[in-house]
Structures are given as structure tokens and as C-alpha cells.
Amino acid sequence: MDGVVQLQRQLVDYTASLFHEGFLDEQFNQLQQLQDENNPDFVVEVVSLFFEDSERLLNELAKALEQQSVDFKRIDAHVHQLKGSSSSIGAQRVQKACIAFRNYCDEQNTEGCLKCLQQVKHEYSLMKTKLETLFKLQRRVLAAGGSIPKPI
Amino acid sequence: MARNSVVSRRWRSEKMDGFDLSPPDEQVHVLAVDDSLVDRKVIERLLKISCCKVTAVDSGIRALQFLGLDEEKSSSVGFDGLKVDLIITDYCMPGMTGYELLKKIKESSTFREIPVVIMSSENVMARIDRCLEEGAEDFIVKPVKLSDVKRLRDYMTAREFRVKNQQVGNNNNNNKRKLRESCDLSSSPPSISFSSSLLSPWPSPPSSLSSPTSPSPCLSPSPSSSSSPSPPILSYSAPCSPTTLDSPTRRLKMSSSD
């Protein structure tokens with residue numbers, strides 16, 4: 001019994017820290033609200049799609065910035081997509097990094113864009129690690145017979 | 001409009017060409033259009049949890065194909081049996097934008113009555129205005145939340161109720177007058193519409209959408225979202241019988257004269 005309670009506490013604290021540190025925003029709570037007994041893996045599924053989509057976009061961005069003649073419109077389109085999907089899952093820091101990136105696109109500043117790409121990649125990588133940790137904690141709670149506390 | 005496999009399709013879900021055909025019933029059927037896979041997954045779940053049936057497609061072209069509006073190729077399976085009650089579309093999409101899709105739908109005599117809602121991550125007034133002017137019912141700033149969908153759902157429920165009552169009224173008319181036996185209801189112009197142009201007696205406040213801080217722009221004048229039969233606020237015009245439906249009181253009398 002104590003084990004479950006402790007694990008749940010750990011989960012709650014970790015989740016709270018992600019919000020507190022700005023990694024996640026309210027939209028992530030929205031996603032959690034959409035999860036229920038009939039759709040117990042909804043959040044994991046959406047986040048997995050986000051990971052796939054983001055990795056594809058980051059690759060495209062790297063390639064686009066390597067070109068002789070940089071196509072800023074195309075880059076902007078990719079960043080726009082990444083910004084959109086990160087916003088849809090509540091990945092706040094990734095989203096913010098994308099906003100900065102788009103500003104450099106507008107200025108057609110290759111150097112700036114390259115720096116932003118590094119920043120976005122960094123934020124994405126952090127986000128991925130943290131979400132994977134979160135999901136692992138959730139699985140441990142479930143395995144111990146507990147339930148994942150729903151956001152208020 | 002005979003459909004070969006409607007019954008067999010009715011109680012199982014299929015995937016066909018990227019279309020998700022959930023079992024049709026009296027639920028509101030929403031056609032969701034978004035090129036983002038993540039967003040499609042989210043909007044689909046938001047709608048389903050709000051008791052809507054959902055068909056999610058990844059482009060405006062696909063949406064038109066689904067509706068049967070695409071001139072290039074007509075679907076061999078004939079999807080028009082699955083009536084669409086609401087279209088919700090992303091604005092920024094490659095190829096055909098949500099705005100262009102909106103225009104195509106409003107240009108179609110068959111589908112122009114279907115409410116279209118636009119979603120966009122950019123809260124740009126000019127964009128919002130343009131969409132509303134083109135006939136969009138509402139404009140939702142992304143990310144889409146449960147409260148946004150709930151509001152849409154309430155609107156659709158109220159709208160459906162009004163449509164049903166209108167049809168009951170029509171049936172009564174037809175029975176009594178027997179002049180329009182050959183006229184089937186589907187061909188008479190649907191008289192329920194929430195586009196501001198029909199709601200002349202009501203001050204239409206599209207400007208309620210102009211506040212960027214407002215998280216949930218109101219729908220075009222929808223004076224009542226209640227679905228109880230008693231409220232007299234039925235503010236649409238009825239081309240079928242213009243002389244009898246010009247006052248809410250008369251409208252009420254008609255609906256109760258079963």
C-alpha cells in the first residue's frame with residue numbers, strides 16, 4: 001500500500017515540476033482529461049505521434065539549412081508545423097523556441113536560424129526525456145495497482 | 001440514393017483511404033480537416049468524447065472528395081449517404097487552405113448550409129474577419145480545448161432541434177395542403193441557418209470575436225442554446241412558408257399542432 005502511495009506522490013511531484021519549469025502547459029492537462037478507461041493510452045499515443053512528427057521536421061530543417069540557397073519559406077513552414085504540434089500537446093518550451101526561430105526566418109537570417117535550430121533540438125530533446133520519464137513513472141504506478149491522478 | 005452496404009457498415013468501424021468510418025447513428029457527424037497528424041488525433045478525440053461521430057481527413061482536397069464535391073474523381077463508394085453536420089478545418093494547410101475549402105463549401109448549393117468552423121494557431125483579426133465574412137460559423141484559436149468543442153456541440157444540438165421542428169412543421173403543412181406531394185423535404189431549401197444574413201431581426205455581433213483576449217469567440221447570433229420546446233426565441237426565416245413563420249408565436253403554434 002505504502003509503495004503505491006509513494007509512487008503516486010512521486011508522479012504528482014514530477015508532473016508538477018514539469019509544469020512549474022515551463023516544460024508543459026495547460027494543454028497537456030487538456031490531453032490528460034481526454035484519457036479514460038476506454039482510451040487509457042491516449043496521451044502516450046498523441047505524444048508518440050508528436051515525437052515522430054518532430055523528428056521528421058527537425059531532419060527536414062537541418063537539410064534545408066544545409067542548402068546552398070536556403071529556402072526560408074520552406075523552413076518557416078516546417079517550423080510553423082512544429083510550433084503547432086508542440087502547442088497541441090502542451091510542449092511549451094519547444095513551442096517558444098519555434099516562435100523565436102520563425103522570427104529569424106522572417107529576417108532571412110541563416111546564422112540565426114541555425115542557432116535556433118540547435119535551440120529547438122535541445123528543447124525537444126529535453127522534452128522527450130522528461131515525457132518518457134513521466135510515462136515510466138505512470139507505468140510504475142499502474143503496475144503497483146495505483147491509478148494516475150487526473151488533473152483538476 | 002440507395003447504398004449497398006449501409007447496413008453492414010452501420011455497426012462496425014472501417015478505415016478506407018484514410019477515412020475513419022465510425023458507426024453512423026443520430027450523433028452529430030463532424031468532418032475534421034487538418035494536415036497535422038497530431039492535431040487530427042487530438043481533434044478526433046475531443047469530438048468523440050463530446051459524442052460526435054468523426055471523419056478526419058488530412059487535406060481540403062480529401063474533404064471535398066469525401067463530400068463528393070471534388071470534380072477530379074468521384075468516390076466510387078458514394079459517401080454522401082453519411083450526412084455531415086459540421087465541418088471543422090485548420091486554416092493553414094498546404095495545397096488548399098481552410099479558407100479556400102470554406103469558399104468551396106459555401107459555393108456549393110448542396111453543402112453551403114453545413115456550418116464550417118475554422119481553427120488557426122494565429123489569432124489574426126484580418127484572418128478571422130475574412131473567414132466570418134465568407135460564412136464561417138466560428139473561429140477557434142488553437143490549441144483546441146474541450147470547452148471549445150463543448151460549445152460547438154451545444155450549438156449543434158440547438159441547431160438540430162430547430163431543424164427537426166422545422167421539418168415537423170413542414171410535414172404538417174404538406175399533410176394539410178396536399179399541394180406539394182411531389183416535393184420532398186430534402187429538395188426544399190433548408191430554412192435553418194445561423195449565418196448572420198438570415199438573422200435580420202437580431203443585432204448580429206460579429207464584433208464579439210474581435211477581442212483577442214477572449215478565449216472562446218461566440219458563434220454567430222445564436223440567441224438560445226437551450227433545447228426545450230418552450231422558448232419563443234426562434235429567429236430564422238422560413239422560405240417554405242414565409243407568411244406563417246414570420247413571428248415566433250406563430251412558429252410555436254405550428255410546432256404544437258401535431
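Residues numbered from 1 in each chain as written. Chains lettered and ligands numbered in written order. Predicted model: local features only at pLDDT ≥ 70, side-chain atom pairs only at ≥ 80, totals over all residues. Heavy atoms only, no water.

If you check an unreviewed UniProt entry, chain B appears there as Response regulatory domain-containing protein from Hevea brasiliensis.

As annotated in an unreviewed UniProt entry, chain A carries the name Histidine-containing phosphotransfer protein and comes from Hevea brasiliensis. Per UniProt, the comment on chain A under Function (unreviewed entry) is "Functions as a two-component phosphorelay mediators between cytokinin sensor histidine kinases and response regulators (B-type ARRs). Plays an important role in propagating cytokinin signal transduction." (UniProt positions renumbered as here; feature names shortened; annotations may be inferred.)

(A) Layout of the UniProt feature "modified residue: Phosphohistidine" (unreviewed entry) in chain A. In this structure's numbering, the residues bearing the UniProt feature "modified residue: Phosphohistidine" (unreviewed entry) are His80 of chain A. Relative to the elements of secondary structure, His80 of chain A occurs in helix H4 (residues 72–89). (Helix = DSSP H or I, 4+ residues; strand = E, 2+ residues; numbered from the N terminus.)

(B) How the structure looks around the layout of surface pockets. Residue and element names in this part refer to chain A. Here the second largest pocket is characterised by a volume of approximately 330 Å³. Every residue lining the second largest pocket is counted, 17 residues in all, and those nearest its centre are Gln35, Pro40, Gln138, Leu142 and Ile148. Elements with a minimum of two residues in the lining of the second largest pocket: helix H3 (42–66) and helix H6 (110–143). Take the lining of the second largest pocket: its biggest share by element is four residues, from H6. Residues belonging to the lining of the second largest pocket are distributed by class as follows: eight nonpolar, four polar and five charged. (1 Å grid on protein atoms, 1.4 Å probe; cavity = no way out; pocket = protein on both sides within 12 Å on 5 of 7 lines; lining within 4 Å. Points joined across faces, edges and corners; volume = space filled by probe spheres on them. Nonpolar A, V, L, I, M, F, W, Y, C, P; charged D, E, K, R; others polar.)

(C) The arrangement of the interface of chain B and chain A in detail. Contact with chain B, which involves 16 residues of that partner, is made by 22 residues of chain A. In total, chain B and chain A occlude about 1600 Å² of area from one another, counting both sides; carbon and sulfur atoms represent 61% of this. The largest share of the area that chain B buries against chain A comes from Val38, Lys41 and Arg45 of chain B, three residues that together contribute 37% of it. Counting every contact that joins chain B to chain A gives four salt bridges. The partner of Lys83 of chain A in a salt bridge is Glu122 of chain B, and the shortest N-O contact between them spans 3.7 Å. It is helix H2 (residues 37–49) of chain B that provides the largest number of residues to the side of chain B that touches chain A, a total of eight residues. (Contact = heavy atoms within 4.5 Å. Buried area = accessible area lost by both parts, 1.4 Å probe. Salt bridge = Lys/Arg side-chain N within 4 Å of Asp/Glu carboxyl O.)

(D) Summary view of the UniProt feature "domain: HPt" (unreviewed entry) in chain A. Mapped onto this numbering, the UniProt entry gives "domain: HPt" (unreviewed entry) at residues 39–141 of chain A. Segment residues 39–141 of chain A splits into 87% helix and 0% strand. End C-alpha atoms: 17 Å apart.

(E) Summary view of H6 of chain A. Residues and elements named next belong to chain A. In this model H6 runs 49 Å from its N-terminal to its C-terminal C-alpha over 34 residues, within 8% of the 50 Å that 1.5 Å per residue would give. For H6, the N-terminal capping position is held by Asn109, with its side-chain oxygen 3.2 Å away from the main-chain nitrogen of Glu111. In the stretch just after H6, Gly145 is the one whose phi turns positive, near 95°. (Expected span 1.5 Å × (residues − 1). Polar contact = N/O pair within 3.5 Å; in protein donor to acceptor, adjacent residues only side chain to side chain.)

(F) Region of the structure containing the UniProt feature "modified residue: 4-aspartylphosphate" (unreviewed entry) in chain B. Residues and elements named next belong to chain B. Sequence positions flagged by UniProt for "modified residue: 4-aspartylphosphate" (unreviewed entry) are, in local numbering, Asp90. As for its position among the elements, Asp90 is in strand E5 (residues 86–90). Once you skip the residues sitting within four places of it in the chain, Asp90 turns out to touch Val33, Asp34, Asp35, Gly98, Met119, Ser120 and Lys142.

(G) Region of the structure containing helix H5 (residues 125–133) of chain B. Residue and element names in this part refer to chain B. Along H5, the positions that sit buried rather than exposed are Arg127, Ile128, Cys131 and Leu132. The arc enclosing the buried residues of H5, seen along the axis, measures out at 130°, which places them on a common side. Turned more than 90 degrees from where H5 packs its buried face, Ala126 and Glu133 sit exposed. Elements in contact with the buried residues of H5: helix H4 (98–107), strand E6 (116–120) and strand E7 (138–141). Just past H5, the residue Gly135 takes up positive phi, approximately 110°. (Buried < 20%, exposed > 50% of the residue type's maximum accessible area, 1.4 Å probe, protein only. Arc of directions from axis to C-beta.)

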